[in-house]
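# Observations on chain architecture
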Amino acid sequence: MTMSSAKIECVLRENWRCGESPVWEEASNSLLFVDIPAKKVCRWDSLSKEVQQVTVDAPVSSVALRHSGGYVATVGTKFCALNWEDQSAVVLATVDKDKKNNRFNDGKVDPAGRYFAGTMAEETAPAVLERHQGSLYSLFPDHHVEKYFDQVDISNGLDWSLDHKIFYYIDSLSYSVDAFDYDLQTGKISNRRSVYKLEKEEQIPDGMCIDVEGKLWVACYNGGRVIRLDPETGKRLRTVKLPVVKTTSCCFGGKDYSEMYVTSARDGMDPEGLLQQPEAGGIFKITGLGVKGIPPYPYAG
Ligand SMILES: O=C(O)[C@H](O)[C@@H](O)[C@H](O)[C@H](O)CO
Ligand SMILES: [Zn+2]
């Protein structure tokens, strides 16, 4: 089998501090993403190339579409509804009330419209933090929150298998991509196991998304790459390197979800690294991968 050759282009060079949570919004031909420490939710119009930004009052770690309009986002330790027009955020639920140093990290909506997101202790430097402080939660459509487990270091990438029977999850400092059995009816998870352990040069697993063939794409923080994994065999199928080392997350978007978008960070880089990687903190578009993605699910509440 020949692998199609990928083309990588930096489409936005605004040098975000920590770009994360890319989400394609088909209705507006836009890429949504966040800059966590800058407390910004951004929307890049792929046709006009304009970026709009909404600034919130705490680190914002993920954003998702909302069925009833607008978006939802994880801000600090709160699940919020975001109204783009008047730039307001309404709190839907708060987690980790006893953990003042915690914040949410990555989040994504499941195929039934529940918004999953996990927490972590705030970092003093990338991947330097008090360990085991995080938990994984989901916000149900009726706005109640369920907690799945605690003892998480850095709650990160997540997605669901195409048949909705498996939930994939990354706790970054475990250097593993894990799977759980998933019950879509109840939103319950069980039977945790590892499907892939990262190799040393792949560094820290961060954001993740699934493609139409059921294979997983994982952005490797400090590894400057996205890797494609077969969760059934545990084998890495492909490595696509990017011109920046702090690749944080990935999603499919564009026409028919045939393009991949990758976010990156510049926080934590020294002046020399920034000189060598002027596109650090940019948003990248990868075309010619030869495989498509699936549309993101909107929050149902
Ligand atoms: O965006 C995230 O997931 C974290 O908030 C970031 O700080 C880094 O990606 C992390 O340090 C890598 O492990
Ligand atoms: Zn992340």
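Now for a description of the structure that goes with this document. (Residues numbered from 1 in each chain as written. Chains lettered and ligands numbered in written order. Predicted model: local features only at pLDDT ≥ 70, side-chain atom pairs only at ≥ 80, totals over all residues. Heavy atoms only, no water.)

## Notes on the sheet that holds strand β23 (residues 259-264)
The condition that has to hold: For two strands to pair, DSSP has to find at least two bridges joining them. Counting from the N terminus, the helices are the DSSP runs of H or I reaching at least four residues and the strands are the DSSP runs of E reaching at least two. Helix axes are fitted to C-alpha atoms over the stretch in contact, other axes to C-alpha atoms as well, and angles between N-to-C directions run from 0 to 180 degrees.
Within the open sheet, the four strands sit side by side as β1-β24-β23-β22. Their pairing is antiparallel. Looking at the sheet topology across the chains shown, the edges are occupied by β1 (7-12) and β22 (247-253). Between one strand axis and the next, the sheet turns by 25° as a mean value, whatever way the strands run. As paired elements, β22 and β23 share six bridges and run antiparallel to each other.

## Quick notes on the layout of surface pockets
Our working definition: Cavities and pockets were defined on a 1 Å grid built from protein atoms only: a cavity is a group of points that admits a 1.4 Å probe but offers it no way out, a pocket is an open group of points flanked by protein on both sides within 12 Å along at least five of seven lines, and a lining residue is one with an atom within 4 Å of any such point. Grid points are joined across faces, edges and corners, and a volume is the space filled by probe spheres set on the points. Only Asp, Glu, Lys and Arg are considered charged, only Ala, Val, Leu, Ile, Met, Phe, Trp, Tyr, Cys and Pro nonpolar, and every remaining residue, Gly among them, polar.
Within this model, the largest pocket holds a volume of roughly 380 Å³. Elements with a minimum of two residues in the lining of the largest pocket: β10 (102-109) and β18 (204-210). Classifying every residue of the lining of the largest pocket gives 12 nonpolar, five polar and six charged.

## So, the nonpolar core
Condition: To form a nonpolar core, buried Ala, Val, Leu, Ile, Met, Phe, Trp, Tyr and Cys residues must be joined to one another through side-chain atoms within 4.5 Å. Burial here depends on accessible area, computed with a 1.4 Å probe over protein chains only, as a share of the maximum for the residue type. Under 20% is buried, over 50% is exposed, and the range in between is partly exposed. In what follows, residue pairs with any heavy atoms lying within 4.5 Å of each other are defined as contacts.
Ranked by size, the top nonpolar core spans 30 residues in total, and within it W217, V226 and M260 carry the most contacts. When residues of this core are traced back to their parent elements, those giving at least two are β1, β3 (30-35), β4 (40-45), β19 (216-221), β22, β23 and β24 (283-287). In contact with V226, not counting residues within four places along its chain, are W217, V218, A219, R238, T239, V240, L242, C250, M260, V262 and I286. V41, L65, V75 and A265 belong to the second-largest nonpolar core, a separate cluster that totals 19 residues.

## Describing the site of ligand 1
We count it as follows: Residues are counted as near a molecule or strand when any one of their heavy atoms sits within 4 Å of it. Here a polar contact means two N or O atoms within 3.5 Å. Within protein one must be a hydrogen donor candidate and the other an acceptor candidate, and residues neighboring in sequence count only if both atoms are side-chain atoms. Where accessible areas are quoted, they stem from the Shrake-Rupley method and a 1.4 Å probe; at the residue level, only the protein chains shown are allowed to cover. By definition, a pocket or cavity contains a molecule when more than half of the molecule's atoms lie within 2 Å of the pocket's grid points.
Taken together, 13 residues surround ligand 1, and among them E20, R103, N105, E123 and D206 come closest. Between an oxygen atom of ligand 1 and a side-chain N or O atom of E20, the distance comes to 2.8 Å. Here an oxygen atom of ligand 1 and a side-chain polar atom of R103 are 2.9 Å apart. In isolation ligand 1 exposes 330 Å². Once the protein is present, 97% of that is buried. With respect to the detected pockets, ligand 1 is housed in the largest pocket. Contributing elements (two or more residues each) for the shell around ligand 1: β10 and β18.

## Brief notes about the coordination of the zinc ion (ligand 2)
Around a metal, the idealised angle for a tetrahedral arrangement of four donor atoms is 109.5 degrees; for an octahedral arrangement of six donor atoms it is 90 or 180 degrees. The line we're drawing: Metal donors: N, O and S atoms at distances within 2.8 Å, or within 3.2 Å for Na, K and Ca, with water omitted from the atom set so that some sites may seem incomplete. Each label reflects the angles at the metal, where four donors whose angles all fall between 85 and 135 degrees are tetrahedral, four or six donors whose opposite pairs open beyond 155 degrees and whose other angles stay between 65 and 115 are square planar or octahedral respectively, and the rest are irregular.
Ligation of the zinc ion (ligand 2) by protein atoms is provided by E20 (OE), N156 (OD1) and D206 (OD), these donors lying 1.9 to 2.1 Å from the ion. Angles of 85 to 170° at the metal separate the four donor atoms of the zinc ion (ligand 2), which places the site in the irregular class. Taken in sequence order, the residues that donate to the zinc ion (ligand 2) follow the motif E-x135-N-x49-D. Residue N156 is located in strand β14 (residues 155-160), and its partner D206 is located in strand β18; the two are separated by 50 residues in the primary sequence. The burial state of N156 is the same as that of D206; both residues are buried.

## Overview of the sheet that holds β14
Within a sheet, adjacent strands bond to each other through the backbone by hydrogen bonds, running parallel or antiparallel. One open sheet accounts for four strands, arranged β14-β15-β16-β17; its pairing is antiparallel. Two strands lie at the open edges of the sheet, namely β14 and β17 (188-197), each paired on one side alone. Neighbour-to-neighbour, the strand axes of the sheet open up by a mean angle of 25°, direction not taken into account. As paired strands, strand β16 (residues 176-183) and β17 are joined by seven bridges and run antiparallel to one another. Directly across from Y182, in β17, lies its bridge partner I189.

## With respect to the side chain of R114
Relative to the assigned elements, R114 resides in the loop between β10 and β11 (115-121). Engagement of the side chain of R114 in a polar contact is seen with the backbone oxygen of L184, the distance being 2.8 Å. Excluding residues within four positions of it along the chain, R114 makes contact with K108, V109, S138, L139, F140, P141, Y182, L184, Q185, T186, G187 and Y299.

## Describing the packing of aromatic side chains
To keep it simple, the criterion reads: Between 30 and 60 degrees the pair is tilted, below 30 it is stacked and above 60 it is edge-to-face, where a pair is any two Phe, Tyr or Trp rings, Trp via its six-membered ring, whose centres lie within 6.5 Å.
If you walk through the whole model with that rule in mind, you get 20 aromatic pairs. Between Y71 and W84, the ring centres sit 5.6 Å apart and the planes meet at 90°, which makes this aromatic pair edge-to-face. Taken as a pair, Y71 in strand β7 (residues 71-75) and W84 in the loop between β8 (78-83) and β9 (88-94) lie far apart in primary sequence, 13 residues in all. Across this residue pair, the class does not change: Y71 and W84 are buried.

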